Amino acid sequence: MTISNNFNHIKDSLPADCRLIAVSKTHPVEVLQEAYDSGIKVFGENKVQELLTKYDKLPHDIEWHLIGHLQRNKVKYIAPFISLIHSVDSLALLKEIDKEAAKNNRVIPVLLQIHIAEEETKFGLSFDEATALLHSEELKSLQHILIKGLMGMATNTTDEVHIKMEFRKLKQFFDSLKGVTLPNVKLEELSMGMSSDYKVAAEEGSTMVRIGSAIFGQRNYTI
Ligand SMILES: *Cc1c(COP(=O)(O)O)cnc(C)c1O
């Protein structure tokens with residue numbers, strides 16, 4: 001089966017400590033079930049509604065990652081089961097996740113999304129904003145979130161040198177935060193790399209690559 005061949009081929013090319021997240025957005029439940037049956041257990045989705053539909057229909061030992069922009073009013077729907085939210089880009093969102101996690105009696109692991117690309121349209125915190133968030137008084141009181149690391153998306157360009165430079169800056173920033181010692185901050189994950197740039201990301205120290213089209217094929221945007 002090509003999905004599992006693609007997955008295994010990419011996985012074998014990654015360093016042992018780099019996890020592969022299968023980004024299944026836009027693909028139907030049957031395709032995910034097929035991927036699941038071949039042994040893929042971690043899926044990334046970028047829209048809450050689509051994630052919920054798939055969560056309902058698929059086995060519950062799947063690890064679901066939210067990788068897309070999250071609106072505060074939708075946190076409550078994913079709080080009971082989400083394994084990792086890659087896209088936290090404000091303290092307000094973090095507080096909402098904390099509140100909903102508390103209601104579900106759990107701690108939700110999250111990553112701070114950092115804006116490293118040139119495009120203005122991509123979400124994320126600047127390095128300064130992330131630093132301010134990590135040093136804010138308000139963060140200290142949040143007992144139902146765990147900040148596990150950072151996520152970033154490079155500029156959509158074929159210029160590999162440029163992409164490498166952006167990932168390297170993110171890794172340097174990540175390393176510079178090693179001194180942050182709070183009970184709810186444990187920075188060990190660096191989520192960077194997609195189908196077009198995961199090799200560069202892995203070279204630059206990614207611990208999680210989020211790959212869609214190179215596993216599932218081109219997306220059908222009409223779904
Ligand atoms: C869609 C998406 C990916 C995967 O993109 P591919 O190019 O298909 O690998 C990774 N990260 C985020 C945030 C995405 O939205």
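Throughout what follows, the structure given in this document is the object of discussion. Quick caveat: nothing in here was measured; it's all calculated off a predicted structure.

### What about the overall build of the chain?
Reasoning step 1: A tally of helices and strands in the chain yields ten helices and eight strands.
Reasoning step 2: Computed over the C-alpha atoms, the radius of gyration of the chain is 17 Å, within 12% of the 17 Å expected from 2.2 N^0.38 for a compact globule of 223 residues.
Reasoning step 3: For the chain, the spread of C-alpha atoms along the principal axes amounts to about 50 × 45 × 30 Å.
Reasoning step 4: Taking all 223 residues of the chain together, 51% fall into the buried category.
Reasoning step 5: Across the chain, the fraction of contacts at a sequence separation of at least 24, relative to all contacts at a separation of at least 6, is 60%.
Reasoning step 6: Entry remark: accessible area of the chain is about 10800 Å², with carbon and sulfur atoms responsible for 50%.
Reasoning step 7: Of the side chains in the chain, 26 bear a positive and 30 a negative charge, and the two mean positions are spaced by 3 Å.

### Remarks on the site of the ligand
Reasoning step 1: Near the ligand you find V23, K25, I67, M153, M194, S195, R210, I211, G212, S213 and R219, and these make up its full shell.
Reasoning step 2: Between the ligand and the protein, one listed contact pairs an oxygen atom with a side-chain N or O atom of K25 at 2.7 Å.
Reasoning step 3: At 2.8 Å from an oxygen atom of the ligand is found a main-chain nitrogen or oxygen belonging to G212.
Reasoning step 4: Burial of the ligand by the protein chains amounts to 91% of its free accessible area of 390 Å².
Reasoning step 5: The residue inventory of the shell around the ligand, partitioned by class, reads five nonpolar, three polar and three charged.

### Quick word on the packing of aromatic side chains
Aromatic ring pairs: the centre-centre distance and the angle between the two ring planes describe each pair.
Reasoning step 1: Tallied over the full model, the rule gives three aromatic pairs.
Reasoning step 2: Taking the centre distance of 5.7 Å and the plane angle of 35 degrees together, the rings of F43 and W64 count as tilted. Residue F43 is found in strand β2 (residues 42-45), and its partner W64 is found in strand β3 (residues 63-66); the two are separated by 21 residues along the sequence.
Reasoning step 3: Seen in terms of ring centroids, Y55 and F81 are 3.6 Å apart; in terms of plane orientation they differ by 15 degrees. Their pairing is stacked. Of this pair, Y55 sits in helix α3 (residues 48-57) while F81 is found in the loop between α4 (75-78) and β4 (84-88), placing the two residues 26 residues apart along the sequence. F81 carries the same exposure label as Y55, and that label is buried.
Reasoning step 4: It is K41 that lies over the ring of Y36; its NZ or CZ is 4.4 Å from the centre.

### Some words on the nonpolar core
Reasoning step 1: One finds W64, I78, I85, L94, I97, L139 and I147 to be the most contacted residues of the largest nonpolar core, which totals 69 residues.
Reasoning step 2: Apart from residues no more than four positions distant in its own chain, I85 is found in contact with L66, L70, I78, I97, I108, P109, V110 and L111.
Reasoning step 3: Counting six residues, the second-largest nonpolar core is a separate cluster that includes V42, L84, L111 and M151.

Cut-offs and rules
- Residue numbering note: each chain is counted from 1, following its sequence as written.
- Thresholds applied to this predicted model are a pLDDT of at least 70 for local features of residues and 80 or more for the giving and counting of side-chain atom pairs; totals over whole chains, interfaces and linings are not thresholded and use all residues.
- Here the side-chain values reflect all heavy atoms present in the structure, with hydrogen atoms and water set aside.
- Only DSSP runs of H or I with at least four residues qualify as helices, and only runs of E with at least two residues qualify as strands; both kinds are numbered from the N terminus onward.
- Values of the radius of gyration come from C-alpha atoms, whereas the globule rule sets the reference at 2.2 Å times the count of residues to the power 0.38.
- Only protein chains enter the accessibility calculation, which uses a 1.4 Å probe; a residue is then buried when its area is under 20% of its type maximum, exposed when over 50%, and partly exposed in between.
- Whether two residues touch is decided by their heavy atoms; if any such pair falls within 4.5 Å, the residues are in contact.
- Surface accessibility follows the Shrake-Rupley procedure with a 1.4 Å probe radius. Residue values consider only the protein chains on display as shielding.
- The charge count includes Lys and Arg as positive and Asp and Glu as negative, but it does not include His or the ends of the chains.
- To locate a charge, the coordinates of NZ of Lys, CZ of Arg, CG of Asp or CD of Glu are taken.
- A single heavy atom is enough: if one lies within 4 Å of a molecule or strand, its residue is considered near that molecule or strand.
- Residues adjacent in sequence count toward polar contacts only when both atoms are side-chain atoms; beyond that, a polar contact is any pair of N or O atoms within 3.5 Å, and within protein one must be able to donate a hydrogen and the other to accept it.
- Any residue that is not Ala, Val, Leu, Ile, Met, Phe, Trp, Tyr, Cys, Pro, Asp, Glu, Lys or Arg is counted as polar, Gly included; the first ten are nonpolar and the last four charged.
- Two rings from Phe, Tyr or Trp (for Trp, the six-membered ring) form a pair when their centres sit within 6.5 Å of each other. Planes less than 30 degrees apart are called stacked, planes more than 60 degrees apart edge-to-face, and all others tilted.
- For a Lys NZ or an Arg CZ to count as sitting over a ring, it must be within 6 Å of the ring centre and within 35 degrees of the ring normal.
- By nonpolar core is meant a set of buried Ala, Val, Leu, Ile, Met, Phe, Trp, Tyr and Cys residues that side-chain atoms within 4.5 Å join together.

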